[in-house]
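Descriptive analysis of the structure
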Amino acid sequence: MQIAIASGKGGTGKTTVAVNLALALSTSHEVTLADCDVEEPNCHLFFSGHPDEEIVTNPVPEIDTDACTLCGTCGSFCRYGALIVLTDRVLQYPQLCHSCGGCEIVCPTGAISMRPEKAGVVHISKPKPSLSLISGTLEEGSIHTTTVIKAVRRHLLRENLVLLDAPPGSSCAAMETLKDCDFCLMVTEPTPFGLHDLTLIHEVTEIFNIPTAVVINRSDEKNNDVDMYCTAHNLPVLMRIPFDRTIALMQGSGEIISGQDPVWRERFVRLGLQCLALTGAR
Ligand code: SF4
Ligand code: SF4
(Lines give C-alpha, C1' and ligand atoms only; values in the text may rest on other atoms or scores of the structure.)
(Ligands and ions follow the chains in the order given, each with its own letter.)
Protein backbone atom coordinates (compact mmCIF):
# COMPACT_ATOMS: atom_id res chain seq x y z
CA MET A 1 0.00 0.00 0.00
CA GLN A 2 1.50 3.31 -1.08
CA ILE A 3 0.10 6.66 0.04
CA ALA A 4 1.60 9.87 -1.35
CA ILE A 5 1.48 13.09 0.64
CA ALA A 6 1.60 15.80 -2.00
CA SER A 7 1.13 19.51 -2.49
CA GLY A 8 1.12 21.93 -5.39
CA LYS A 9 4.00 23.93 -3.94
CA GLY A 10 6.55 23.80 -1.15
CA GLY A 11 5.90 25.17 2.34
CA THR A 12 2.30 23.97 2.73
CA GLY A 13 3.08 21.53 5.53
CA LYS A 14 3.33 18.40 3.40
CA THR A 15 6.37 17.06 5.28
CA THR A 16 4.71 17.90 8.62
CA VAL A 17 1.75 15.72 7.67
CA ALA A 18 4.00 12.95 6.31
CA VAL A 19 6.19 12.58 9.42
CA ASN A 20 3.24 12.85 11.83
CA LEU A 21 1.26 10.28 9.88
CA ALA A 22 4.24 7.93 9.69
CA LEU A 23 4.94 8.13 13.42
CA ALA A 24 1.27 7.75 14.39
CA LEU A 25 0.65 4.78 12.08
CA SER A 26 3.88 3.04 13.17
CA THR A 27 2.14 2.23 16.47
CA SER A 28 -0.09 -0.24 14.60
CA HIS A 29 1.60 -0.89 11.22
CA GLU A 30 5.02 -1.60 9.73
CA VAL A 31 5.59 1.79 8.07
CA THR A 32 8.15 3.00 5.56
CA LEU A 33 8.43 6.76 5.11
CA ALA A 34 10.00 7.54 1.71
CA ASP A 35 11.26 11.09 1.23
CA CYS A 36 10.98 11.63 -2.53
CA ASP A 37 11.29 15.42 -2.26
CA VAL A 38 14.89 14.88 -3.33
CA GLU A 39 15.72 18.54 -4.06
CA GLU A 40 14.88 19.47 -0.48
CA PRO A 41 14.48 16.37 1.68
CA ASN A 42 13.46 17.28 5.23
CA CYS A 43 11.94 14.16 6.79
CA HIS A 44 15.30 13.08 8.23
CA LEU A 45 15.47 16.29 10.29
CA PHE A 46 12.74 14.88 12.55
CA PHE A 47 14.47 11.58 13.33
CA SER A 48 17.79 10.70 14.90
CA GLY A 49 20.05 7.80 13.93
CA HIS A 50 22.92 6.92 11.65
CA PRO A 51 21.63 5.97 8.20
CA ASP A 52 23.27 3.65 5.71
CA GLU A 53 24.16 5.42 2.50
CA GLU A 54 23.80 4.35 -1.12
CA ILE A 55 25.33 6.43 -3.91
CA VAL A 56 23.06 6.86 -6.95
CA THR A 57 24.75 7.27 -10.33
CA ASN A 58 23.88 7.90 -13.95
CA PRO A 59 26.03 6.79 -16.89
CA VAL A 60 27.59 9.71 -18.79
CA PRO A 61 30.04 9.65 -21.70
CA GLU A 62 33.81 9.67 -21.28
CA ILE A 63 35.84 10.49 -24.37
CA ASP A 64 39.20 8.94 -25.25
CA THR A 65 40.90 11.96 -26.82
CA ASP A 66 43.47 9.75 -28.58
CA ALA A 67 40.70 7.89 -30.42
CA CYS A 68 38.51 10.95 -31.09
CA THR A 69 38.80 12.40 -34.60
CA LEU A 70 36.54 15.40 -33.80
CA CYS A 71 34.15 14.21 -36.49
CA GLY A 72 31.19 15.95 -34.80
CA THR A 73 28.79 12.99 -34.91
CA CYS A 74 28.20 12.83 -31.14
CA GLY A 75 27.57 16.59 -30.91
CA SER A 76 25.02 16.43 -33.73
CA PHE A 77 23.33 13.42 -32.17
CA CYS A 78 22.95 14.71 -28.60
CA ARG A 79 19.69 16.64 -28.44
CA TYR A 80 20.38 17.82 -24.89
CA GLY A 81 23.49 19.87 -25.67
CA ALA A 82 25.64 17.72 -23.40
CA LEU A 83 28.36 17.35 -26.06
CA ILE A 84 29.66 20.18 -28.23
CA VAL A 85 32.40 19.37 -30.71
CA LEU A 86 34.85 22.22 -31.39
CA THR A 87 37.73 22.24 -33.85
CA ASP A 88 40.23 21.20 -31.21
CA ARG A 89 38.21 19.39 -28.49
CA VAL A 90 34.84 18.09 -27.35
CA LEU A 91 33.16 20.09 -24.61
CA GLN A 92 31.18 17.94 -22.17
CA TYR A 93 28.33 19.01 -19.89
CA PRO A 94 27.53 15.89 -17.85
CA GLN A 95 24.88 17.75 -15.84
CA LEU A 96 22.84 18.04 -19.07
CA CYS A 97 23.29 14.40 -20.10
CA HIS A 98 20.15 12.23 -20.00
CA SER A 99 22.21 9.01 -20.14
CA CYS A 100 20.59 7.71 -23.32
CA GLY A 101 23.86 6.09 -24.41
CA GLY A 102 23.31 7.14 -28.02
CA CYS A 103 26.61 8.98 -28.39
CA GLU A 104 28.53 5.82 -27.50
CA ILE A 105 26.65 3.96 -30.23
CA VAL A 106 27.05 6.56 -32.99
CA CYS A 107 30.72 7.36 -32.40
CA PRO A 108 32.49 5.90 -35.45
CA THR A 109 35.85 5.41 -33.74
CA GLY A 110 34.75 3.87 -30.43
CA ALA A 111 36.15 6.87 -28.57
CA ILE A 112 33.18 7.07 -26.19
CA SER A 113 32.57 4.86 -23.20
CA MET A 114 30.11 5.45 -20.37
CA ARG A 115 31.25 6.17 -16.82
CA PRO A 116 29.12 6.58 -13.67
CA GLU A 117 28.38 10.17 -12.59
CA LYS A 118 26.94 10.81 -9.12
CA ALA A 119 23.29 11.90 -9.26
CA GLY A 120 22.50 11.73 -5.56
CA VAL A 121 22.38 9.65 -2.40
CA VAL A 122 19.80 7.45 -0.73
CA HIS A 123 19.91 7.27 3.06
CA ILE A 124 18.32 4.28 4.78
CA SER A 125 17.58 4.25 8.50
CA LYS A 126 15.23 2.75 11.06
CA PRO A 127 14.16 5.40 13.59
CA LYS A 128 11.86 2.86 15.29
CA PRO A 129 11.50 -0.93 15.03
CA SER A 130 8.25 -0.41 13.09
CA LEU A 131 9.35 2.68 11.12
CA SER A 132 11.89 2.82 8.28
CA LEU A 133 13.02 6.02 6.61
CA ILE A 134 14.30 6.00 3.02
CA SER A 135 15.45 9.46 2.01
CA GLY A 136 16.72 10.60 -1.39
CA THR A 137 18.99 13.60 -1.86
CA LEU A 138 19.81 15.04 -5.29
CA GLU A 139 23.47 15.89 -5.93
CA GLU A 140 23.98 19.65 -6.17
CA GLY A 141 23.85 20.74 -9.82
CA SER A 142 22.34 17.46 -11.02
CA ILE A 143 19.05 17.42 -12.95
CA HIS A 144 18.41 13.72 -12.35
CA THR A 145 15.59 13.94 -9.82
CA THR A 146 13.74 10.96 -11.27
CA THR A 147 16.88 8.79 -11.11
CA VAL A 148 17.16 9.44 -7.37
CA ILE A 149 13.41 8.91 -6.81
CA LYS A 150 13.60 5.59 -8.69
CA ALA A 151 16.52 4.63 -6.41
CA VAL A 152 14.36 5.43 -3.35
CA ARG A 153 11.50 3.44 -4.84
CA ARG A 154 13.70 0.36 -5.31
CA HIS A 155 13.87 0.07 -1.50
CA LEU A 156 10.09 0.07 -1.02
CA LEU A 157 8.25 -3.16 -0.30
CA ARG A 158 4.71 -3.46 -1.65
CA GLU A 159 3.57 -5.38 1.42
CA ASN A 160 4.55 -2.53 3.79
CA LEU A 161 2.51 0.58 4.43
CA VAL A 162 4.55 3.16 2.50
CA LEU A 163 4.08 6.91 2.90
CA LEU A 164 5.79 8.97 0.22
CA ASP A 165 6.63 12.62 0.82
CA ALA A 166 6.23 13.76 -2.80
CA PRO A 167 8.11 16.61 -4.49
CA PRO A 168 5.93 19.74 -4.63
CA GLY A 169 4.23 20.69 -7.88
CA SER A 170 3.32 18.70 -10.96
CA SER A 171 6.83 18.17 -12.37
CA CYS A 172 8.31 14.92 -13.72
CA ALA A 173 9.61 14.25 -10.20
CA ALA A 174 6.10 14.53 -8.75
CA MET A 175 4.77 12.26 -11.51
CA GLU A 176 7.49 9.68 -10.84
CA THR A 177 6.52 9.62 -7.16
CA LEU A 178 2.76 9.49 -7.69
CA LYS A 179 2.42 7.11 -10.60
CA ASP A 180 2.37 3.83 -8.63
CA CYS A 181 0.57 5.13 -5.55
CA ASP A 182 -2.75 3.77 -4.30
CA PHE A 183 -3.86 7.01 -2.69
CA CYS A 184 -2.85 10.66 -2.51
CA LEU A 185 -3.35 12.95 0.44
CA MET A 186 -3.15 16.51 -0.86
CA VAL A 187 -2.00 19.16 1.61
CA THR A 188 -3.04 22.74 0.95
CA GLU A 189 -3.77 26.09 2.57
CA PRO A 190 -7.02 28.12 2.55
CA THR A 191 -5.66 30.88 0.31
CA PRO A 192 -6.04 31.70 -3.40
CA PHE A 193 -2.49 30.37 -3.99
CA GLY A 194 -3.30 27.24 -2.03
CA LEU A 195 -6.39 26.66 -4.16
CA HIS A 196 -4.45 27.18 -7.39
CA ASP A 197 -1.74 24.72 -6.33
CA LEU A 198 -4.34 22.22 -5.14
CA THR A 199 -5.96 22.22 -8.58
CA LEU A 200 -2.56 21.46 -10.19
CA ILE A 201 -1.80 18.44 -8.05
CA HIS A 202 -5.43 17.27 -8.26
CA GLU A 203 -5.11 17.24 -12.07
CA VAL A 204 -2.04 14.99 -11.78
CA THR A 205 -3.87 12.52 -9.54
CA GLU A 206 -6.74 12.44 -12.02
CA ILE A 207 -4.31 11.58 -14.84
CA PHE A 208 -3.14 8.59 -12.81
CA ASN A 209 -6.66 7.84 -11.57
CA ILE A 210 -5.54 7.87 -7.91
CA PRO A 211 -8.16 8.34 -5.17
CA THR A 212 -7.51 11.49 -3.16
CA ALA A 213 -8.41 13.44 -0.05
CA VAL A 214 -7.35 16.79 1.37
CA VAL A 215 -5.69 18.17 4.49
CA ILE A 216 -6.08 21.93 5.00
CA ASN A 217 -3.11 23.36 6.87
CA ARG A 218 -3.12 26.74 8.64
CA SER A 219 -6.87 26.57 8.55
CA ASP A 220 -8.38 29.85 9.73
CA GLU A 221 -12.02 29.34 8.66
CA LYS A 222 -11.96 32.75 6.88
CA ASN A 223 -11.47 31.73 3.25
CA ASN A 224 -13.65 28.84 2.10
CA ASP A 225 -12.62 28.69 -1.57
CA VAL A 226 -10.69 25.46 -0.95
CA ASP A 227 -13.72 23.94 0.77
CA MET A 228 -15.94 24.92 -2.15
CA TYR A 229 -13.50 23.32 -4.60
CA CYS A 230 -13.39 20.15 -2.51
CA THR A 231 -17.18 19.98 -2.34
CA ALA A 232 -17.52 20.57 -6.08
CA HIS A 233 -15.00 17.81 -6.86
CA ASN A 234 -16.18 15.37 -4.20
CA LEU A 235 -12.87 15.55 -2.33
CA PRO A 236 -13.11 14.62 1.35
CA VAL A 237 -11.37 17.04 3.72
CA LEU A 238 -9.94 14.65 6.32
CA MET A 239 -8.12 17.09 8.58
CA ARG A 240 -7.79 20.79 9.34
CA ILE A 241 -4.64 21.94 11.11
CA PRO A 242 -5.15 25.37 12.68
CA PHE A 243 -2.50 28.04 12.56
CA ASP A 244 -1.07 27.53 16.02
CA ARG A 245 2.08 29.08 17.45
CA THR A 246 2.78 26.04 19.65
CA ILE A 247 2.64 23.69 16.66
CA ALA A 248 4.91 26.02 14.65
CA LEU A 249 7.47 26.20 17.46
CA MET A 250 7.50 22.42 17.88
CA GLN A 251 7.99 21.94 14.15
CA GLY A 252 10.74 24.53 14.09
CA SER A 253 12.66 22.68 16.77
CA GLY A 254 12.37 19.36 14.92
CA GLU A 255 9.73 17.83 17.20
CA ILE A 256 6.85 15.75 15.87
CA ILE A 257 3.59 16.85 17.42
CA SER A 258 1.97 13.40 17.21
CA GLY A 259 4.94 12.06 19.19
CA GLN A 260 4.43 14.64 21.94
CA ASP A 261 0.70 15.23 22.18
CA PRO A 262 -1.72 12.28 22.60
CA VAL A 263 -4.60 14.30 21.12
CA TRP A 264 -2.68 14.94 17.91
CA ARG A 265 -1.40 11.36 17.88
CA GLU A 266 -5.00 10.17 17.92
CA ARG A 267 -5.96 12.65 15.19
CA PHE A 268 -3.15 11.45 12.91
CA VAL A 269 -3.94 7.78 13.61
CA ARG A 270 -7.54 8.53 12.59
CA LEU A 271 -6.32 10.36 9.47
CA GLY A 272 -4.21 7.37 8.47
CA LEU A 273 -7.03 4.92 9.05
CA GLN A 274 -9.38 7.11 6.98
CA CYS A 275 -6.86 7.08 4.12
CA LEU A 276 -6.58 3.29 4.33
CA ALA A 277 -10.36 2.96 4.44
CA LEU A 278 -10.69 5.11 1.30
CA THR A 279 -8.31 2.77 -0.54
CA GLY A 280 -10.28 -0.25 0.64
CA ALA A 281 -7.43 -1.45 2.92
CA ARG A 282 -7.08 -1.35 6.71
S1 SF4 B 1 31.62 10.94 -32.36
FE2 SF4 B 1 33.46 10.08 -31.44
S3 SF4 B 1 35.09 10.65 -32.82
FE4 SF4 B 1 33.36 11.94 -33.36
S5 SF4 B 1 33.67 13.82 -32.15
FE6 SF4 B 1 32.40 12.45 -30.91
S7 SF4 B 1 33.85 11.32 -29.62
FE8 SF4 B 1 35.02 12.24 -31.28
S1 SF4 C 1 24.37 9.77 -23.36
FE2 SF4 C 1 22.77 10.71 -24.65
S3 SF4 C 1 22.21 12.56 -23.52
FE4 SF4 C 1 24.19 11.90 -22.71
S5 SF4 C 1 25.70 12.98 -23.89
FE6 SF4 C 1 25.39 11.02 -24.92
S7 SF4 C 1 23.82 11.44 -26.45
FE8 SF4 C 1 23.80 13.16 -25.03
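Reading guide: rules and limits
Residues numbered from 1 in each chain as written. Chains lettered and ligands numbered in written order. Predicted model: local features only at pLDDT ≥ 70, side-chain atom pairs only at ≥ 80, totals over all residues. Helix = DSSP H or I, 4+ residues; strand = E, 2+ residues; numbered from the N terminus. Buried ≥ 20, exposed ≤ 12 C-beta atoms within 10 Å, placed from the backbone. Contact = placed C-beta atoms within 7 Å. Near = placed C-beta within 6 Å. Nonpolar A, V, L, I, M, F, W, Y, C, P; charged D, E, K, R; others polar. Pairing = 2+ DSSP bridges. Axes fitted to C-alpha atoms, helices over the stretch in contact; angles between N-to-C directions. Domains from an automatic or database assignment. Core = buried A, V, L, I, M, F, W, Y, C linked by C-beta atoms within 7 Å. Right-handed = clockwise from strand over helix to strand, strands pointing away. Parallel < 35°, antiparallel > 145°, perpendicular 65-115°, else oblique.

Next up on the list: the overall build of the chain. Counting secondary structure elements, the chain contains 10 helices and 11 strands. Dimensions of the chain, computed from C-alpha atoms along their principal axes, come out at roughly 70 × 40 × 35 Å. Evaluated residue by residue, the chain yields a buried proportion of 41% over its 282 residues. Considering only contacts in the chain between residues 6 or more positions apart, those separated by 24 or more positions represent 73%.

Before going further, it helps to examine the site of ligand 2. Taken together, 13 residues surround ligand 2, and among them Cys78, Ala82, Cys97, Cys100 and Cys103 come closest. Looking at the shell around ligand 2 residue by residue, the classes come out as 9 nonpolar, 4 polar and no charged.

Residues apart from glycine generally show negative phi values, whereas peptide bonds are mostly found in trans. Phi is positive for Ser99, close to 60 degrees, though the residue is something other than glycine. Note on placement: Ser99 falls in the loop between β5 (90–92) and α3 (102–106). With a phi close to 60 degrees, Asn234 is a non-glycine residue in the positive phi region. Take Asn234: it is sitting in the loop between α7 (225–232) and β11 (237–242).

Time to look at the site of ligand 1. With respect to spatial proximity, 14 residues lie near ligand 1, and among them Cys68, Cys71, Thr73, Cys74 and Cys107 are the closest. Of the residues in the shell around ligand 1, the class split is 10 nonpolar, 4 polar and no charged.

Below, the discussion takes up the sheet that holds strand β2 (residues 31–35). Taken in spatial order, the 9 strands line up as β3-β6-β7-β2-β8-β1-β9-β10-β11 in an open sheet, and their pairing is mixed. Only two strands of the sheet have a single neighbouring strand rather than two, namely β3 (52–63) and β11. Along the sheet, successive strands turn relative to each other by an average axial angle of 20 degrees, direction set aside. Bridging between β3 and strand β6 (residues 112–128) involves 12 bridges; their strand directions are antiparallel. Opposite Thr57, over in β6, you have Lys118 as the bridge partner. Running over the sheet, helix α1 (residues 14–25) touches β1 (2–6), β2, β7 (131–138), β8 (161–165), β9 (183–188) and β10 (212–219) and is turned about 165 degrees from β8.

Moving on: the domain arrangement of the chain. Reports of interface size often rely on the accessible area that becomes lost once the parts have come together. If you check the domain split of the chain, you get domain 1 (2–56 + 120–279) and domain 2 (65–110). The C-alpha centroid of domain 2 is placed 40 Å from the C-alpha centroid of domain 1.

Our next topic: the nonpolar core. Ranked by size, the top nonpolar core spans 61 residues in total, and within it Ile5, Leu21, Ala22, Leu33, Leu163 and Leu185 carry the most contacts. Among the elements that make up this core, the one with the highest residue count is α1 (8 residues). Among all residues touching Leu163, those that are not within four sequence positions of it are Ile3, Ile5, Ala18, Leu21, Ala22, Val31 and Leu33. Counting 10 residues, the second largest nonpolar core, distinct from the first, contains Cys78, Cys97, Cys103 and Ala111.

Let's shift gears to the pairing of β10. The element β10 is largely enclosed, with a buried count of 6 among its 8 residues. Sheet analysis places β9 next to β10, joined by 5 bridges and oriented parallel. From the neighbouring strand, Val187 faces β10, where its bridge partner is Val215. The parallel pair β9 and β10, bridged by helix α6 (residues 192–207), forms a crossover whose chirality is right-handed. As judged from the 5 bridges shared by β10 and β11, these two strands associate in the parallel manner. Its bridge partner lying in β11, Ser219 is registered against Pro242.

Looking now at the environment of Arg245. Examined against the element boundaries, Arg245 turns out to sit in helix α8 (residues 245–252). A sequence separation of 34 residues divides Arg245 from Pro211, and the C-alpha atoms of the two residues are 32 Å apart.

The next thing to look at is the packing of α1 against helix α10 (residues 262–279). At a minimum axis distance of 8 Å, the contact between α1 and α10 shows a crossing angle of 90 degrees. The orientation of α1 with respect to α10, classified from their angle, is roughly perpendicular. Of the residues in α10, those in contact with Asn20, Leu21, Ala24 and Leu25 of α1 are Arg265, Phe268, Val269, Leu271 and Gly272. Partitioning the contact of α1 with α10 into residue classes produces 6 nonpolar, 2 polar and 1 charged.

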